[in-house]
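Coordinates in review
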Amino acid sequence: MDHRLWRVEVDGKQHVVEYKIKFKGDGEVLVDGVIVGSWQGFLGGPPKEQPFTIDGKPATLRRRGIINQQFDLVFGDRVYSEKEGKLRKQASQ
């Protein structure tokens with residue numbers, strides 16, 4: 001199972017965003033331990049994007065590559081890499 005997490009702040013409040021992917025490709029997105037999105041695995045791998053919200057604000061888990069299971073978190077105007085809470089780049093770039 002693949003498991004990653006990020007810590008993000010919304011209006012001064014910290015949130016933990018996680019994704020978990022099982023061997024067959026089934027997965028789920030959690031915010032503060034609550035499942036906010038899920039998918040079933042299929043031959044092409046996980047979905048390219050999985051939208052959800054963090055404290056009422058839109059966010060997206062975006063898969064990199066064609067069939068890999070590496071994701072970035074897109075939230076606000078930022079893209080966070082798979083490393084915990086690390087800012088990868090501004091979303092507008």
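Our subject is the structure that appears above.
I will try to describe carefully the structure that is included in this document. (Residues numbered from 1 in each chain as written. Predicted model: local features only at pLDDT ≥ 70, side-chain atom pairs only at ≥ 80, totals over all residues. Heavy atoms only, no water.)

**Notes on the overall build of the protein chain**
From N to C terminus, the protein chain includes 0 helices and 9 strands. Moving toward the C terminus, one meets the helices and strands of the protein chain in the order β-β-β-β-β-β-β-β-β. Counting across all 93 residues of the protein chain, residues that qualify as buried make up 38%. Accessible surface, the protein chain as shown: approximately 5,700 Å² in total, 50% of it carbon and sulfur. (Helix = DSSP H or I, 4+ residues; strand = E, 2+ residues; numbered from the N terminus. Buried < 20%, exposed > 50% of the residue type's maximum accessible area, 1.4 Å probe, protein only. Areas by Shrake-Rupley, 256 points an atom, 1.4 Å probe, with all protein chains shown as cover.)

**Some points on the packing of aromatic side chains**
For the coordinates displayed, the defined rule picks out 3 aromatic pairs. Arranged with centres 5.9 Å apart and planes meeting at 35°, the rings of W6 and Y19 form a pair that is tilted. Here Y19 lies in strand β2 (residues 13-21) and W6 lies in strand β1 (residues 2-10), a separation of 13 residues in the sequence. Residue class for Y19 comes out buried when judged on its relative accessible area of 0%. Ring centres 5.9 Å apart and planes at 35° place the aromatic pair W39 and F71 in the tilted group. Taken together, the positions of W39 in strand β4 (residues 34-39) and F71 in strand β7 (residues 70-75) put the pair 32 residues apart, joining distant regions of the chain. Given a relative accessible area of 8%, W39 falls into the buried group. The exposure class of F71 is buried, given its relative accessible area of 0%. (Phe/Tyr/Trp six-rings, centres within 6.5 Å; stacked < 30°, edge-to-face > 60°.)

**With respect to the pattern of salt bridges**
Under the defined criterion, the tally for this structure stands at 2 salt bridges. Salt-bridge contacts for E49 lead to R62; the nearest nitrogen and oxygen are separated by 3.2 Å. A residue pair is termed long-range when its members are at least 10 positions apart, and E49 in strand β5 (residues 49-54) and R62 in strand β6 (residues 57-64) qualify at 13 residues. Given a relative accessible area of 42%, E49 falls into the partly exposed group. By relative accessible area, which is 33% here, R62 ends up partly exposed. (Salt bridge = Lys/Arg side-chain N within 4 Å of Asp/Glu carboxyl O.)

**Considerations on the sheet that holds β4**
Pairing is antiparallel across the open sheet formed by 4 strands, whose spatial order is β1-β2-β3-β4. A single partner strand is all that each edge strand has here, and the edge strands are β1 and β4. The sheet shows a mean angle of 20° between the axes of neighbouring strands, taken without regard to direction. Here 5 bridges tie β2 to strand β3 (residues 27-31), and the two strands are oriented antiparallel to one another. (Pairing = 2+ DSSP bridges. Axes fitted to C-alpha atoms, helices over the stretch in contact; angles between N-to-C directions.)

**Some remarks on the environment of E18**
With respect to the secondary-structure elements, E18 resides in strand β2. Overall, E18 belongs to the buried group, its relative accessible area being 14%. Put simply, E18 and V31 are 13 residues apart on the chain and 6.5 Å apart in space, counted from C-alpha to C-alpha. Discounting residues that sit within four places of it in the chain, E18 has contacts with H3, R4, L5, E28, V29, L30 and G33. (Contact = heavy atoms within 4.5 Å.)

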